[in-house]
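In case you want the letters, here they are:
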Amino acid sequence: MKIHYGTALAAVALVAVHILMRLTQGFAESLEYDSVIANYKFIPYAGMLEIILILLSIHGFNGLRVILLELKQGKTYEKAVSYGCVAAMIALIVYGSRTIIMVNTGMT
Amino acid sequence: MAQTSSLAEENSSTPLSSQQSIILRIARYNPEHDSAKKFMEFNIPYEKWTTVLEAILEVKKHLDHSVAVRYSCRQATCGSCGMIINGKPRLACFTKISELNSNIITVEPMNNFPIIRDLAVKFERLFDTHHKVKPYIIRDDTEITTSTKEFLQSPEELEKYIQFSNCIKCGLCNSACPTMATDSSFVGPQALAQAYRYVADSRDKGKDDRLKIIDDSHGIWRCHFAGSCSQVCPKGVDPAMGIQLLRGYMLGFRS
Amino acid sequence: MTNQDEHKEGIGGMINPRRYGIERVAYLLMRLSGLGLLAYFIAHIYETSSILKGQVGWNEFLELTQTNAGHAILAIVIGMCVFHTVNGIRVMLGHGGVGVGKPARPDYPYYPASQNIRHKMGIYSAIILAAIAMMYGLAVMFGE
């Protein structure tokens, strides 16, 4: 649960920055291809996106794990839910990191 | 199957003054031969002070002797008559018909407790979870060995836990809890509140033992502060407060 | 033991927000917004990966999301995000024992101190702030 609280608090601040970027740049302009590429190439911003990805994946899938564990009990089911959520967490982090790294290094 | 029945004629020295009556719907279910719950309806006159328990006992006395209901003290002390009344867990002896503001009163057995018959439910799970948190003073010495022949406690120390000692083990909190609705392994608000009662007691030295017991994936961490337990508690125990204060120890907010 | 034997309310009991006050409503909204945000997060990670297909791929993704329906969904996501955040902070403080009141001798009518005005105001604030954020988001998206 401490992980759940910690990731939540850390993510709040960083997601706020991510959203503010869209608003300060102008919403439509911030979504243009060149603008997005520039964001990814700016290492601190790309780093922030990576951290958000990790924090929210952990927070989100841990929350899902909690809900699923409350719905049904049993050793096999609980193990399957826990490992499944961790696997989904890792898969999402890997997939998102792939995007960030490839764009940042110009591999589009 | 529903039947609407009225009171049989009876010679009584106290004539009923009230013309008001309600329909009392009682859930009937015998797990030995019924596949599902069914409701039976009874027309019951009431006064402004009539409790739901009194209405149920009127049914037993005049209309259907076979209604199974558990009750004892009739004064919200024993915790026996917990049931779902118009959708909410309440004590039948502590709930007046007039305060429900409805012409139809539906009574059902408490949720999250296996049904014995009709309105009577099994309490084994509540007893087991309560027992699990070691609901007694834990310390190495005894009162006999101290010079004072008792463990002294100031009024301020008493105030810290006396609220939680009011628990009458009625089970209404366990019935209202959204986690108990789906989680068979959850300890439950009653047990967690009692764990806090002993942790907060200055005479107790078993805090670490109890925190270890509840520091479990189906222990205190399955409480999400929905607060329904406190909403239904008839004795002001406020289990939600006890659980969050207890969690404060585990999160480092309290030492 | 089966559901029937234990007489558990089941998922209907978990998702029924009636009967127990605004705190139970907040519990349900927290779960729903959490699941909604998780679904959006997964979709967001997938859809933003279309930048790897170059300008063409990215523009295809924008055609899909920069529509009225896309903006409406995003507005709902904004509302869920703000509610989940603000209520989450309230719940975190509550979990630490902050604002849940002090133990005292209970007296009739036994109003629970933990279900106090501070936490109720926290919940209502979360709902109001979510609504304001949604309206702001709609103004930004549809204003351009």
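Described in the following lines is the structure provided in the data block. (Residues numbered from 1 in each chain as written. Chains lettered and ligands numbered in written order. Predicted model: local features only at pLDDT ≥ 70, side-chain atom pairs only at ≥ 80, totals over all residues. Heavy atoms only, no water.)

1. Overview of the overall build of chain A
Next up, step 1: Of the regular secondary structure elements, chain A holds five helices and zero strands.
Next up, step 2: Listed by position from the N terminus, the elements making up chain A come as α-α-α-α-α.
Next up, step 3: For 108 residues, the compact-globule formula gives about 13 Å, and the C-alpha radius of gyration of chain A, at 17 Å, lies well above that figure.
Next up, step 4: In terms of overall dimensions, chain A has C-alpha extents of about 50 × 30 × 20 Å along its principal axes.
Next up, step 5: Taking all 108 residues of chain A together, the buried fraction comes to 44%.
Next up, step 6: Relative to all contacts within chain A whose residues are 6 or more apart in sequence, the contacts with residues 24 or more apart total 69%.
Next up, step 7: Taken as a whole, chain A presents about 5,500 Å² of accessible surface, with 74% of it coming from carbon and sulfur.
Next up, step 8: For chain A, the distance from the average position of its 8 positive side-chain charges to the average position of its 6 negative side-chain charges is 16 Å. (Helix = DSSP H or I, 4+ residues; strand = E, 2+ residues; numbered from the N terminus. Rg over C-alpha atoms; globule rule 2.2 N^0.38 Å. Buried < 20%, exposed > 50% of the residue type's maximum accessible area, 1.4 Å probe, protein only. Contact = heavy atoms within 4.5 Å. Areas by Shrake-Rupley, 256 points an atom, 1.4 Å probe, with all protein chains shown as cover. Lys, Arg positive; Asp, Glu negative; His and termini not counted. Charge placed at Lys NZ, Arg CZ, Asp CG, Glu CD.)

2. Here we look at the interface of chain A and chain C
Next up, step 1: Tallying the contact residues gives 36 residues for chain A and 31 residues for chain C.
Next up, step 2: Note on chain A versus chain C: buried area summed over both sides is about 2,700 Å², and carbon and sulfur give 76% of it.
Next up, step 3: The interface formed by chain A and chain C holds one salt bridge in total.
Next up, step 4: For the salt bridge of glutamate 70 of chain A with arginine 31 of chain C, the shortest nitrogen-to-oxygen distance reads 3.0 Å. (Buried area = accessible area lost by both parts, 1.4 Å probe. Salt bridge = Lys/Arg side-chain N within 4 Å of Asp/Glu carboxyl O.)

3. Some words on the pairing of strand E6 (residues 104–108) of chain B
Residue and element names in this part refer to chain B.
Next up, step 1: Of all five residues making up E6, four are buried, and the element is well covered by its neighbours.
Next up, step 2: Alignment of strand E2 (residues 21–28) against E6, held across four bridges, turns out to be parallel. Pairing of isoleucine 23 across the sheet is with isoleucine 104, part of E6.
Next up, step 3: For strand E4 (residues 82–85) and E6, the ladder comprises two bridges, and the chain directions are antiparallel. The partner of isoleucine 84 across the bridge, within E6, is glutamate 108. (Pairing = 2+ DSSP bridges.)

4. Considering the nonpolar core
Residue and element names in this part refer to chain B.
Next up, step 1: Grouped together as the largest cluster of nonpolar side chains are 38 residues, with contacts concentrated most on Leu24, Val52, Ile56, Ile105 and Val107.
Next up, step 2: Secondary structure elements with two or more residues in this core: E2, strand E3 (38–45), helix H1 (52–63), E4, E6 and helix H4 (172–176).
Next up, step 3: Setting aside anything within four residues of it in sequence, one finds valine 52 in contact with Ile85, Ala92, Thr95, Ile97, Leu100, Ile105 and Val107.
Next up, step 4: Grouped together as the second largest cluster of nonpolar side chains are 36 residues, Met180, Cys223, Cys229 and Leu246 included. (Core = buried A, V, L, I, M, F, W, Y, C linked by side-chain atoms within 4.5 Å.)

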